[in-house]
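Chain by chain, the residues run as shown.
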Amino acid sequence: MMKYLLLTACLLAGIIACNDDTKVCDVDVRTPVRVHFTDTLPNGISKDTTMPKVTLYALGKDSIYRKQTGLNGLQFTLDRTADSSRYYFQTDSTRIADTLTFRYHRQPHFISAGCGVVMYFNLDTVFSTNNVVTGVQVNKSQVTTGNETHIILLF
Amino acid sequence: MKRILSFFFSALLALPAITRAQSAKKDSVREVTVAVPAGISLGVDLSRFAIRYFQPYRTDATINLDARFMDRFYFASDISYNNTSHRDENYRYRSSGMSATLGVNYNFLKKNVPRENFIIYGGLRYGLAFFNYEIPEYRIYSDYWGNVRGNFPSTSQLAHWMEMTVGIKVEVLKNFYLGWSLHERILLNGGLAKKDFPPLIIPGFGKGYKRSAFDVQYSVSYLFPIWKVKQVVRL
């Protein structure tokens, strides 16, 4: 019995070794920037916060978020065709909008035989006008397929 | 062919019984040394042709060489060729190259009769591949920003690895052998697999974007008996 099991295991191992990886894309190919909202209280303590009606779009492009309620962060893609991106960002329709600016290096990366190439970004500088946003912190400068928070916006 | 297959599988299934019998007789048998024919064995790995069925973008060929130089030791070498050409909506890929491995196999079986020609072996090898590869075009899709096109230019690359193997080899006709073997390979220059554009296939190794590769070979080979080696035989 053991002999047959071993033989079967060997044959299965052989077939697995031969599988066609170009046919399967089983990893997340999105590389979005993840932004988190943080409110700084008068006593200096920071806490997570949500914004009432968020609007976000890249300048000259369509909306990514349009008056979306109850968001505590953002997730959006940077421009793959240029080394900087600028975004119109409004936390509430009654408040003045800010402009978020991202400057970065792009790095194409072959992610798998089935998925092909994705674009990684390495953030150099991120800044904002200070109408509502009071500060920008870069939490992680490498933007890849990982699930990390890259930017913390302070209010 | 039927006879060859039945011989092969019979030999495979009989192995545990043979090894048990050997250990039982350990204290009661007499050992003598005789000179038996040995030489260079030249073979072809048939599984490389089967790979094309599972991975149509690959064309592979592997020649197996081994030479018995002591009772239970063999020099062993594989010479491989690979050509890879893949195209889909995400990217195009081309590569070609050669590789060679060199090492030693050790026969675990003690012989009961001088011309009992089958072995179960384990081995260790060093492999070296030289190849070039390129991605003439890739595309990154984005509904929001638009699609991006790019390429990765033709690059020459060396890869080297250590390889552990176990296998079986059986003489089915005079000097004519069939055998299969399992191979586990570990890339020594593992940084190659972590590059932004790693190779899809490393000749003789396998998938180039992984640091280790498992492989199965099924080979047919012919022994050219050129010299003799002294073999311990249990009577």
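Scroll up for the structure.
Cut-offs and rules
- Residues numbered from 1 in each chain as written.
- Chains lettered and ligands numbered in written order.
- Predicted model: local features only at pLDDT ≥ 70, side-chain atom pairs only at ≥ 80, totals over all residues.
- Helix = DSSP H or I, 4+ residues; strand = E, 2+ residues; numbered from the N terminus.
- Contact = placed C-beta atoms within 7 Å.
- Nonpolar A, V, L, I, M, F, W, Y, C, P; charged D, E, K, R; others polar.
- Pairing = 2+ DSSP bridges.
- Buried ≥ 20, exposed ≤ 12 C-beta atoms within 10 Å, placed from the backbone.
- Axes fitted to C-alpha atoms, helices over the stretch in contact; angles between N-to-C directions.

Trainee: Teacher, can you tell me more about the overall build of chain A here?
Mentor: In terms of helices and strands, chain A carries one helix and 11 strands. The N-to-C order of helical and strand elements in chain A reads α-β-β-β-β-β-β-β-β-β-β-β. Once local pairs closer than 6 in sequence are excluded, the contacts in chain A between residues at least 24 apart make up 49%.

Trainee: Sorry, what's going on with the overall build of chain B here?
Mentor: A count of helical and extended segments in chain B gives two helices and 10 strands. Shown N-terminal to C-terminal, the secondary structure of chain B runs as helices and strands in the order α-β-α-β-β-β-β-β-β-β-β-β. Sequence-distant contacts, at least 24 apart, represent 65% of the contacts inside chain B between residues at least 6 apart.

Trainee: Explain the interface of chain B and chain A to me, please; I cannot follow it from the model alone.
Mentor: One frequent convention defines the size of an interface as the accessible area lost when the parts assemble. On the side of chain A, 26 residues touch chain B, which itself brings 28 residues to the contact. Elements supplying a minimum of two residues to the side of chain B that touches chain A: helix H1 (2-24), helix H2 (47-54), strand S5 (118-140), strand S6 (148-173) and strand S10 (212-234) of chain B. Grouping the constituent residues of the side of chain B that touches chain A by class yields 18 nonpolar, six polar and four charged.

Trainee: Where do I start with the pairing of strand S7 (residues 176-187) of chain B in this structure?
Mentor: In summary, the side chains of a regular strand alternate between the two faces of the sheet. All names here are of chain B. Of the strand pairs in this sheet, S6 and S7 are connected by 12 bridges, and their pairing is antiparallel. Along S7, the bridge assignment pairs glycine 167 with serine 181. What sits between S6 and S7 in their antiparallel hairpin is a turn of two residues, with asparagine 175 showing a positive phi close to 65°. As defined by bridge partners, S7 adjoins S10 across 11 bridges and the pair is classed as antiparallel. Bridge assignment links tyrosine 177 to a residue of S10, and that residue is serine 221.

Trainee: Would you mind going over unusual backbone geometry with me for this structure?
Mentor: Excluding glycine, residues mostly carry a negative phi; peptide bonds, for their part, are mostly trans. Unusually for a residue other than glycine, lysine 67 of chain A sits at a positive phi of about 50°. Mapped onto the elements of the fold, lysine 67 of chain A is located in strand S4 (residues 63-68). Look at lysine 67 of chain A and you get exposed, because 12 C-beta atoms sit within 10 Å. At asparagine 175 of chain B, a position not held by glycine, the phi torsion is positive, near 65°.

Trainee: Explanation requested: the sheet that holds strand S3 (residues 54-58) of chain A in the structure shown.
Mentor: Strand pairing within a sheet occurs via backbone hydrogen bonds; the two strands may be parallel or antiparallel. All names here are of chain A. Across the sheet, which stays open at both edges, the six strands sit in the order S4-S3-S6-S7-S8-S10 with antiparallel pairing between neighbours. Of all the strands in the sheet, the pair left with one neighbour each is S4 and strand S10 (142-143). Judged from the six bridges that link them, strand S6 (residues 84-90) and strand S7 (residues 98-112) form a sheet pairing that is antiparallel. Bridge pairing links serine 84 to arginine 103 in S7.

Trainee: Just checking my understanding: could you explain the environment of aspartate 78 of chain B for this structure?
Mentor: Residues and elements named next belong to chain B. Structurally, the position occupied by aspartate 78 is in strand S3 (residues 73-87). Remark: the alpha-carbon pair of aspartate 78 and serine 47, spanning 31 residues in sequence, is separated by 13 Å. Other than its neighbours up to four places away in sequence, aspartate 78 contacts Thr62, Asn64, Thr101 and Gly204.

Trainee: Sorry, what's going on with the pairing of strand S8 (residues 116-128) of chain A here?
Mentor: Residues and elements named next belong to chain A. Inspection of the sheet shows S7 paired to S8 by 12 bridges, in the antiparallel sense. Along S8, the bridge assignment pairs proline 108 with methionine 119. Where S8 meets S10, two bridges bridge the pair, whose relative direction is antiparallel. Residue pairing for S10: phenylalanine 121 is matched across the bridge by valine 143.

Trainee: Whenever I open this one, the sheet that holds strand S2 (residues 58-68) of chain B confuses me. Can you help?
Mentor: All names here are of chain B. Taken in spatial order, the eight strands close into a barrel running S1-S2-S3-S4-S5-S6-S7-S10, and their pairing is antiparallel. Each strand axis lies, on average, 25° off the axis of its neighbour in the sheet, ignoring direction. Alignment of S2 against S3, held across 11 bridges, turns out to be antiparallel. When the sheet's bridge partners are listed, alanine 67 is paired in S3 with phenylalanine 75. Sheet strands touched by H2: strand S1 (31-45), S2 and S10. Its angle to S2, the strand with the most contacts, is close to 160°.

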